[in-house]
Amino acid sequence: MNLEIFRYAFMQRAFTAGFIISIVSSVIGVFVVLKGLSFAGVGISHAAFGGVALGYFLGINPTLSAIVFCLFVAAIIVYIQRNEKLKSDVPIGIIFAASMGLGAVLISLMKGYNVDLFGYLFGNILSVTHSDIVNIIFLSLIIIAIFLIIFKQLYYTTFDRQMAKVAGVNVVLIDTVFMMLIALTVVISIKVVGIILVSALLVTPAATIIPWAKNFKQLTFLTMITSLFSVITGLFLSYYLNIPSGGAIVLLTTLIFFVSFGFAYKK
Amino acid sequence: MNKIIEIVNLYFRYKNIEILTDINFFVSKGEFVGIIGPNGAGKTTLLKLLVGLLSPSSGKITVFGREPQHPGMNKYLIGYVPQANEADKNFPISVREVVALGRYHEKGFFTNLNAEDFEIVETAIKKMNIESIADKQFNALSGGQKQRTLIARALAQRPKLLVLDEPTAGIDVKTQASFYEILKRLNQEGITIIMVSHDIGALTKEVSRIACLNRRLHMQGSPAEIMKSEQLKKLYGYDVLLLTHEGKEDVNES
Ligand SMILES: Nc1ncnc2c1ncn2[C@@H]1O[C@H](COP(=O)(O)OP(=O)(O)O)[C@@H](O)[C@H]1O
Ligand SMILES: [Mg+2]
């Protein structure tokens, strides 16, 4: 294969971003799947649309507004979920539509403002700027640091919530912090994978590996490999076929998922 | 001062329904106490109050001289094995790793386990006779093996009190016998045990005291006293023998 593609600075940035995003979204995604939070991932990522639109509308950095907005949405979802009268998917369903609605209204109000909507929704490798890379690295370090701090409690809570409580874990706090880690992971992934498709990166690679993994380390490691393969190959396809990077990446992970699924259940 | 558990005038209400009424109950160091009572009697609720998962509506519980929810309580001294095993079914974790979780109850979550911890884990595994399955996936185990693993996790806390909620449900009769052997040995080593069970037949042979609970604490005494009592029949209706019988049938199926 002709590797001219790496001569372009924008492709170098896209690959750097893709590499980091694969690692971070795998680490977080393993728990998203084990905790059954796939729909929360969808909800928070769609909320990012409202966050980005808010940034453009107020004339502030859309990454910053997306961060604040998504953290807020994550906290609200956990808060409403604590009300036992509603099933836990209900607040997600409400908040996620509301955020998209907010985004649609704000963007329509900004007449003549040229926002690359399609890029935000489905990923655009041309859109990754130098400051995006700085943001992604900075936020990834924060995500990983917090993740390492809460890891043991998150692990125990996910495996056996009741006994984690007995062991003294504040399970609601851990839930909230983890939901916020999902929010930050979504934000760093938007440029490459797109708002609509981010959640696939959180869910599909981990779901592909779960039936095969013998232990937790293996699960995390193989999820990273699957994710990296899909993202890197997806970026190549996006470049050569001129298709949205998010679409290519998601279709690849999904293909791998179904192959794995087929074998896993023939066992 | 060798009362490990002191429960005085305890009431527990759940959404205005009184589930436990005026419970007064004491357990001394070294006892092996069985709790019996029909379904819905509040046995699980009582144990959850003991380990601090619930707090009393009124009255007082102390375990090792402290209220279970008190921040200064050394909760790792209580090894709890819940009735419903709520552990995640997809979680990739080995038996040894499950047992090792018990160490965090004592050490907290901000240090790593060291060589001494892993020794304690191995000791707990040996005590429960699960060496041969220690590397297996927890989710691939049978009900009885899971139960042993969860007790080993409780032992890895190095508890002074074991609180077991129907640990023999779904375990075959032969395994049950060796299970009681293990519990008796732990008890002889100085661990106080409280155990809820429907299996009155086996329980009466093994424990030093039985308490009959049905929303209230109806009576307590040595197994011989309890078996003689007419109250037991009242408590269960005519089901006492049926219940033990049923228990054994369940077992053969699993
Ligand atoms: N979280 C809860 N939600 C609804 N009902 C509960 C809850 N906790 C306890 N109860 C009620 O309390 C009663 C006692 O329950 P439990 O302690 O589990 O009984 P046992 O263990 O003796 O079978 C039951 O009637 C049960 O319906
Ligand atoms: Mg019960």
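Before any of the text, the structure's been laid out above.
None of these values were measured; they are calculated from a predicted model.

*Asks:* Where do I start with the pairing of strand 9 (residues 216-221) of chain B in this structure?
*Replies:* The two faces of the sheet receive side chains in turn, since in a regular strand these alternate between them. Residues and elements named next belong to chain B. Where strand 8 (residues 209-214) lies against strand 9, five bridges are found, and the strand directions are antiparallel. When the bridges of strand 9 are listed, alanine 211 appears paired with glutamine 220. From the end of strand 8 to the start of strand 9, which pair antiparallel, there are one residue, and arginine 215 there has a positive phi angle of about 70°.

*Asks:* Could you clarify how one ought to interpret the packing of aromatic side chains in this entry?
*Replies:* Remark: the centre distance and the inter-plane angle together describe each pair of aromatic rings, the angle taken between the planes. Tallied over the entire structure, the rule returns 27 aromatic pairs over all chains. Taking the centre distance of 4.9 Å and the plane angle of 50° together, the rings of A:Phe118 and A:Phe122 count as tilted. You can see A:Phe118 and its partner A:Phe122 sitting in helix 5 (residues 117-122), four residues apart, about one turn around the helix. A relative accessible area of 53% places A:Phe118 in the exposed class. An aromatic cluster of three or more residues is present, and its members are A:Phe31, A:Phe147, A:Phe151, A:Tyr155, A:Phe159, A:Phe178, A:Phe216, B:Phe91 and B:Phe138. Looking at B:Lys146, its charged tip hangs above the ring of B:Phe138, at a distance of 5.6 Å from the centre.

*Asks:* Explanation requested: the nonpolar core in the structure shown.
*Replies:* Ranked by size, the top nonpolar core spans 160 residues in total, and within it A:Ile28, A:Ile182 and B:Ile194 carry the most contacts. Among the elements that make up this core, the one with the highest residue count is helix 8 (residues 171-193) of chain A (14 residues).

*Asks:* I'm lost on the side chain of A:His46 in this one. Help?
*Replies:* Residues and elements named next belong to chain A. In this structure, histidine 46 sits in helix 2 (residues 38-58). Of the residues examined, histidine 46 reaches a relative accessible area of 9% and is grouped as buried. Not counting chain neighbours up to four residues away, the residues in contact with histidine 46 comprise Phe96, Ser99, Met100, Ile195 and Ile196.

Thresholds, definitions, all that
Residues numbered from 1 in each chain as written. Chains lettered and ligands numbered in written order. Predicted model: local features only at pLDDT ≥ 70, side-chain atom pairs only at ≥ 80, totals over all residues. Heavy atoms only, no water. Pairing = 2+ DSSP bridges. Helix = DSSP H or I, 4+ residues; strand = E, 2+ residues; numbered from the N terminus. Phe/Tyr/Trp six-rings, centres within 6.5 Å; stacked < 30°, edge-to-face > 60°. Buried < 20%, exposed > 50% of the residue type's maximum accessible area, 1.4 Å probe, protein only. Lys NZ or Arg CZ within 6 Å of the ring centre and 35° of its normal. Core = buried A, V, L, I, M, F, W, Y, C linked by side-chain atoms within 4.5 Å. Contact = heavy atoms within 4.5 Å.

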